[in-house]
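Structural overview for review
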Amino acid sequence: STLVSAWVQAAQPRRHVAWLSLDGNDNELTRFLTYLVVALRTIEGNIGRGVLGSLEASGEENVEAVLTILLNEIAKLPGEVILVLDDYHVIEAPPIHQVLAFVLEHAPPQLHLVIATREDPPLPLALLRARGQLAELRGTDLRFTTDEAAEFLNQAMGLGLSGEDIAALESR
């Protein structure tokens, strides 16, 4: 979350950013979509105006039609849009995963979806990788090398640790 937040701040003002922090109570489809629209409204106040009403009127059976309207509204926004879904690992509801897969499949080119999660979500990740539409940062990408750890601990933190101490800390 901290890394994504720093990256998002660096991306602004060139890109519009909507951030949705998720928790275990967001596993209900209507609630999830409501929060998604509210997050997008931080970019454009009128976006999704009819989406929520359509969802309430038609129920969850017509979600793809409602999402198509929302994606078309996003496509009309000027510039690039970054939608961050933070803590996506708390989402367990298959309908929400299906909605997100639909969004990924039909997203306009200026929509960039950032999913911060502790585990792989049940989404078509292999397909996205094959299409070159997926960038991933894993734990190994974020981990210090031994030299980076030594530089941080000894130069930035001024601890003066031995190589043996640094190796012990790194292995932990």
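Structure's up top.
Residues numbered from 1 in each chain as written. Predicted model: local features only at pLDDT ≥ 70, side-chain atom pairs only at ≥ 80, totals over all residues. Heavy atoms only, no water.

For the structure shown, the criterion picks out 1 aromatic pair. Taking the centre distance of 5.6 Å and the plane angle of 55 degrees together, the rings of F144 and F152 count as tilted. With a relative accessible area of 42%, F144 lands in the partly exposed category. Classification of F152 as partly exposed rests on a relative accessible area of 36%. (Phe/Tyr/Trp six-rings, centres within 6.5 Å; stacked < 30°, edge-to-face > 60°. Buried < 20%, exposed > 50% of the residue type's maximum accessible area, 1.4 Å probe, protein only.)

Per the stated rule, a full pass over the model turns up 1 salt bridge. In this structure, R131 and E105 form a salt bridge, with 3.2 Å as the shortest nitrogen-oxygen distance. A residue pair is termed long-range when its members are at least 10 positions apart, and R131 in the loop between α6 (125-130) and α7 (139-142) and E105 in helix α5 (residues 94-106) qualify at 26 residues. A residue is classified by how much of its surface remains accessible, and R131, at 40% relative accessible area, is partly exposed. (Salt bridge = Lys/Arg side-chain N within 4 Å of Asp/Glu carboxyl O. Helix = DSSP H or I, 4+ residues; strand = E, 2+ residues; numbered from the N terminus.)

Side chains of F144, F152, M157 and L159 sit close together on the surface and give an oily, nonpolar patch of about 390 Å² of accessible area. Along the chain, F144 falls in the loop between α7 and α8 (146-156). (Patch = residues over 30% accessible without salt bridge, like charges linked within 9 Å, V, L, I, M, F, W, Y side chains within 5 Å. Areas by Shrake-Rupley, 256 points an atom, 1.4 Å probe, with all protein chains shown as cover.)

Topologically, Y88 is positioned in the loop between β2 (80-86) and α5. With a relative accessible area of 1%, Y88 lands in the buried category. Distance in space between the C-alpha atoms of Y88 and A116 is 6.1 Å, their sequence separation being 28 residues. A distance of 2.8 Å separates polar atoms of two side chains, one belonging to Y88 and the other to H97. (Polar contact = N/O pair within 3.5 Å; in protein donor to acceptor, adjacent residues only side chain to side chain.)

Right, let's talk about the layout of surface pockets for a bit. One number sums up the size of the largest pocket: a volume of about 1,200 Å³. Taken together, 35 residues make up the lining of the largest pocket; nearest its centre are L113, V114, I115, A135 and E136. For the lining of the largest pocket, the secondary structure elements donating two or more residues are α1 (2-11), α5, β3 (111-116), α6 and α7. With 6 residues, the top contributor of residues to the lining of the largest pocket is β3. Of the residues in the lining of the largest pocket, the class split is 19 nonpolar, 7 polar and 9 charged. (1 Å grid on protein atoms, 1.4 Å probe; cavity = no way out; pocket = protein on both sides within 12 Å on 5 of 7 lines; lining within 4 Å. Points joined across faces, edges and corners; volume = space filled by probe spheres on them. Nonpolar A, V, L, I, M, F, W, Y, C, P; charged D, E, K, R; others polar.)

Together, D147, E148, E151 and E170 line one region of the surface with negative charge. With 3 residues, the single largest contributor to the negative patch is α8. With respect to the element layout, E170 can be found in helix α9 (residues 163-171). (Lys, Arg positive; Asp, Glu negative; His and termini not counted. Charge placed at Lys NZ, Arg CZ, Asp CG, Glu CD.)

Before going further, it helps to spend a moment on the pairing of β3. In the sheet, β2 pairs with β3 via 6 bridges, with the strands oriented parallel. Bridge pairing in β3 links L85 to I115. Crossover β2 to β3 through α5 is right-handed. (Pairing = 2+ DSSP bridges. Right-handed = clockwise from strand over helix to strand, strands pointing away.)

Taken N-terminus to C-terminus, the directions of helix α2 (residues 29-40) and α5 make an angle of 40 degrees; their axes are 9 Å apart at the nearest point. Of the possible angle classes, the one that applies to α2 and α5 is oblique. As for the relative orientation of α2 and α5, their crossing is right-handed in sense. Contacts between α2 and α5 involve L29, F32 and L33 on the former and, on the latter, P95, I96 and V99. (Axes fitted to C-alpha atoms, helices over the stretch in contact; angles between N-to-C directions. Parallel < 35°, antiparallel > 145°, perpendicular 65-115°, else oblique. Left-handed = near helix turned anticlockwise from the far one by under 90°. Contact = heavy atoms within 4.5 Å.)

Tracing the backbone through its elements, the reader meets R14 in the loop between α1 and β1 (15-21). We classify R14 as exposed; its relative accessible area is 60%. Along the sequence, R14 and E80 sit 66 residues apart, while their C-alpha atoms lie 7.6 Å from each other.

It is worth stressing that arrangement in space is one thing and function is another; only the former is reported here.
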